[in-house]
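# Working through the structure, step by step
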Amino acid sequence: MYRSKCALANFLDHFGDKWSMLIIRDMFIEKKTFNDFLTSAEGIASNILTNRLKSLKIDGLIDNKINPENKKVKWYYLTDKAINVYPVVIEMVKWSDQNLDKNFGPISIQWIKDNSQDSTEVVANKKITKYKIFRDDLFVKSLKDF
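Not measured: the values here are computed from a predicted model.

### Structural notes on the layout of surface pockets
One number sums up the size of the largest pocket: a volume of about 720 Å³. Lining the largest pocket are 19 residues; nearest its centre among them are Leu-22, Arg-25, Glu-42, Val-93 and Ser-108. At the level of elements, helix 2 (18–28), helix 6 (86–99) and helix 7 (106–114) are the ones that each hand at least two residues to the lining of the largest pocket. Counting residues per element, the lining of the largest pocket draws most heavily on helix 2, which supplies 5 residues. Looking at the lining of the largest pocket residue by residue, the classes come out as 11 nonpolar, 3 polar and 5 charged. Mapped onto the lining of the second largest pocket, the elements with two or more residues apiece are helix 7 and helix 8 (120–142).

Here it is, written out as structure tokens:
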């Protein structure tokens, strides 16, 4: 249930907290397990990670498959609904690069360089295509034992 009839408020209901956006960022860089997210540089607590993964799944932004080689491990992936937010992510990072006086780390610097070569649309389409190939590979791997 949405708290507002405002389009921006509704967007923020899904993506408006730091941890959800960082989990989505990590999925775009092909992290897929709970431990992958837990070991990200920002240091999310396990209870917050669990909460955000559940929330993102309820919102239809992520889903998961079971690792066929270790049934205790879930592979999380972005749904098409979440993949479509990538142009917004690019613009947020570009804004940070242009407006914040921060000493970004090497991963951010490289990401900014890689995502500033072309228009947001061109860069987003390339990344989305690459991510969908990664996700499709997860699907194939998850069916391995069936």
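### Quick look at helix 6
In this model, helix 6 (14 residues) spans 20 Å end to end at C-alpha, consistent with the 20 Å of a helix rising 1.5 Å per residue. For helix 6, the set of buried residues is Tyr-86, Val-89, Ile-90, Lys-94 and Ser-96. All buried residues of helix 6 fall inside an arc of 160° around its axis, so they share one side. Taken together, the buried residues of helix 6 touch helix 2, helix 5 (80–83), helix 7 and helix 8.

### Here's the deal with the environment of Phe-104
Tracing the backbone shows Phe-104 in the loop between helix 6 and helix 7. On a C-alpha basis, the gap between Phe-104 and Asp-36 in space is 21 Å, while along the polypeptide they are 68 residues apart. If we skip the residues at most four places from it in the chain, Phe-104 touches Ser-96, Asp-97, Ile-109 and Ile-112.

Rules used in this analysis
Every chain is numbered on its own, with residues counted from 1 as its sequence reads. Only residues with pLDDT of at least 70 are given local features in this predicted model, and only at 80 or more are side-chain atom pairs given and counted; all residues enter the totals for whole chains, interfaces and linings. Calculation of side-chain values draws on the structure's entire complement of heavy atoms; hydrogens and water are dropped beforehand. Only protein atoms enter the 1 Å grid used here, on which a cavity is any set of points holding a 1.4 Å probe that cannot leave and a pocket is any open set flanked by protein within 12 Å on both sides along at least five of seven lines; residues with an atom within 4 Å of a point are listed as lining. Grid points are joined across faces, edges and corners, and a volume is the space filled by probe spheres set on the points. A run of DSSP states H or I qualifies as a helix once it reaches four residues; a run of E qualifies as a strand once it reaches two. Both are numbered from the N-terminal end. Charged means Asp, Glu, Lys or Arg here, nonpolar means Ala, Val, Leu, Ile, Met, Phe, Trp, Tyr, Cys or Pro, and polar covers whatever is left, Gly included. Expected span of a helix: the number of residues minus one, times 1.5 Å. For every residue, the accessible area (1.4 Å probe, protein chains only) is compared with the maximum for its type, and the residue is labelled buried under 20%, exposed over 50%, or partly exposed between those bounds. The directions from the helix axis to the C-beta atoms are what the arc is built from. Two residues qualify as a contact provided that any one of their heavy atoms is within 4.5 Å of a heavy atom in the partner residue.

Read these as geometric descriptors, not functional statements.
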